[in-house]
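What the coordinates show
In case you want the letters, here they are:
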Amino acid sequence: MIISDAIQYIPFTHITRTQVAELLKKSPSTVDYYVGTGYKIVEGVRIKLQRQDNGTFLTADVKEFIQSIKYSYPCD
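Quick summary incoming for the structure in this document. A quick note: this is a predicted structure, and the numbers were derived from the prediction, not measured.

Residues other than glycine seldom take positive phi values, yet lysine 25 does so here, at roughly 60°. You can see lysine 25 is positioned in the loop between α1 (17–24) and α2 (28–36).

Rendered as structure tokens:
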């Protein structure tokens, strides 16, 4: 079976920066960039990834971020 949306199978509510990087197929420093600066501006809004105060990420926030950037690709 091929899993196209791996995040839906994660049984945890919080994941680490390294795990987010693996899901996005990016480096951990790119995850930091997405948190601080954001992904890009789409329709006047910068898409940012939300990090919790304890340094982890809510899987729901990561899923929302992935959906946001997925739909922004035609604007490249």
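Applying the stated rule across the entire model yields two salt bridges. One salt bridge connects arginine 17 with aspartate 32, and the closest N-O pair in it is separated by 3.0 Å. Linking arginine 17 in helix α1 with aspartate 32 in helix α2, this pair joins segments that are 15 residues apart in sequence. Classification of arginine 17 as partly exposed rests on a relative accessible area of 31%. A relative accessible area of 28% places aspartate 32 in the partly exposed class. Between arginine 51 and aspartate 32 there is a salt bridge, with the nearest N and O atoms lying 3.3 Å from each other.

Looking now at the packing of aromatic side chains. On inspection of all chains with the given rule, the structure shows four aromatic pairs. Pairing tyrosine 34 with phenylalanine 65 gives two aromatic rings, centres 5.3 Å apart and planes at 45°, and the pair type is tilted. One end of the pair, tyrosine 34, is in helix α2; the other, phenylalanine 65, is in helix α3 (residues 59–72), with 31 residues separating them in the sequence. The residues tyrosine 34 and phenylalanine 65 share a single accessibility class, namely buried. An aromatic cluster is present here, built from Tyr33, Tyr34, Tyr39 and Phe65 joined pairwise through their rings.

What follows covers the environment of tyrosine 33. Here tyrosine 33 lies in helix α2. Distance from tyrosine 33 to lysine 48, taken between C-alpha atoms, is 8.8 Å for residues 15 residues apart in sequence.

Let us look at α2. Among the residues making up α2, those that are buried are Val31, Tyr34 and Val35. Summarising the axial view, the buried residues of α2 lie within an arc of 100°, below the 170-degree limit, and thus occupy one face.

Of all the positions in α1, only Val20, Ala21 and Leu24 are classed as buried. The arc enclosing the buried residues of α1, seen along the axis, measures out at 100°, which places them on a common side. The positive-phi residue at the C-terminal boundary of α1 is lysine 25, with phi of around 60°.

Basis of the calculations
Residues numbered from 1 in each chain as written. Predicted model: local features only at pLDDT ≥ 70, side-chain atom pairs only at ≥ 80, totals over all residues. Heavy atoms only, no water. Helix = DSSP H or I, 4+ residues; strand = E, 2+ residues; numbered from the N terminus. Salt bridge = Lys/Arg side-chain N within 4 Å of Asp/Glu carboxyl O. Buried < 20%, exposed > 50% of the residue type's maximum accessible area, 1.4 Å probe, protein only. Phe/Tyr/Trp six-rings, centres within 6.5 Å; stacked < 30°, edge-to-face > 60°. Arc of directions from axis to C-beta.

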